[in-house]
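As a plain string of letters, each chain reads:
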Amino acid sequence: MSDRAQTFENAPMADLLGILLRQMRRPLTTHGWHMTDTEAVRIAQERVENGKLADAELVKAIIEAVKESQDVLTKMGLTFEQSLDADMNTIGGWTSTAEFLELANEKSNAELRITVGAALALVFGERQFVASLLYLAGGDYGDETVIARRVLSFASGVAPDAANWLALVRQWVAG
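Below is a summary of the structure that appears in this document. (Residues numbered from 1 in each chain as written. Predicted model: local features only at pLDDT ≥ 70, side-chain atom pairs only at ≥ 80, totals over all residues. Heavy atoms only, no water.)

1. What to know about the overall build of the protein
To be explicit about the condition: Secondary structure follows DSSP: runs of H or I at least 4 residues long count as helices, runs of E at least 2 residues long count as strands, and numbering of each begins at the N terminus. We compute the radius of gyration over the C-alpha atoms and compare it with the globule rule, which gives 2.2 Å times the number of residues raised to the power 0.38. The buried label goes to any residue with under 20% of its type's maximum accessible area, the exposed label to any with over 50%, and the partly exposed label to all in between, with areas taken from a 1.4 Å probe on protein chains only. The method behind every accessible area is Shrake-Rupley, applied with a 1.4 Å probe, and residues are considered shielded solely by the protein chains displayed.
Looking only at helices and strands, the protein has 11 helices and 0 strands in total. Reading the protein from its N end, one meets helices and strands in the order α-α-α-α-α-α-α-α-α-α-α. In terms of C-alpha radius of gyration, the protein reaches 16 Å, essentially the compact-globule figure of 16 Å for 175 residues. Taken along the three principal axes of its C-alpha coordinates, the protein extends 50 × 40 × 30 Å. Residues classed as buried in the protein amount to 43% of the 175 residues present. A total of about 9100 Å² of accessible surface is found on the protein, and carbon and sulfur atoms cover 48% of it.

2. A short note on the nonpolar core
What counts, and what does not: The set of buried Ala, Val, Leu, Ile, Met, Phe, Trp, Tyr and Cys residues whose side-chain atoms join them within 4.5 Å is what this entry labels a nonpolar core. Contact definition: two residues touch when any of their heavy atoms are within 4.5 Å.
Within the largest apolar cluster, 55 residues are counted, with the highest numbers of intra-cluster contacts made by Leu-21, Leu-58, Leu-120, Phe-124, Leu-133 and Leu-152. Among the elements that make up this core, the one with the highest residue count is helix H8 (residues 97-123) (10 residues). In this structure, Phe-124 is in contact with Leu-21, Ile-43, Arg-47, Leu-53, Ala-54, Leu-58, Val-59 and Ile-62, ignoring residues within four places of it in sequence.

3. Remarks on the packing of H8 against helix H10 (residues 143-156)
Spelled out, the test is: Between N-to-C directions, angles span 0 to 180 degrees; the directions come from axes that are lines fitted to C-alpha atoms, helices contributing only their stretch in contact. For classification, angles of less than 35 degrees are called roughly parallel, those exceeding 145 degrees roughly antiparallel, those between 65 and 115 degrees roughly perpendicular, and all remaining angles oblique. Under this grouping Gly is polar, as are all residues other than the nonpolar Ala, Val, Leu, Ile, Met, Phe, Trp, Tyr, Cys and Pro and the charged Asp, Glu, Lys and Arg.
Close contact between H8 and H10 brings their axes to 9 Å; oriented N to C, the two are set at 10°. One finds that H8 runs roughly parallel with respect to H10. Residue-level inspection shows Leu-112, Thr-115, Ala-119, Leu-122 and Val-123 of H8 in contact with H10, the latter providing Glu-144, Ile-147, Val-151, Leu-152, Phe-154 and Ala-155. Grouping the amino acids of the contact of H8 with H10 by side-chain chemistry returns 9 nonpolar, 1 polar and 1 charged.

Encoded structure:
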């Protein structure tokens, strides 16, 4: 496990959510939500400590950022799940090293934004991206898997070390 994944695994939930919110600051700004790092930390703490859901406008901006990143992958001919498992040779569309690097960076950024956005959406009560989180949680995608598992545990109340954890979380999702 990478140092970063270890940090995501062990950080208090409020700290993790603060990190995720700060990572999304720029994409959220393009969708009308502006916040400072201090505000991101406050929003995360209020969610964890008081159960307070985020402002509806923040949730709307998160959803739009996720959809924007899904559109990036769609233009590459991929769903989020396909993108996670696709290598750059299967994507094509590049002829030079510079084009390869640009496309790889675009793909990687879209995957990360979908992961972080889906996680934040779920934590703030929006479940429309939960299938993507379940896919991540059931796989081995490094930091993204750790983030998905942490937020699914937080939202569902299923202890991360529970036997049959994924089955229990899926049961919670199915309602």
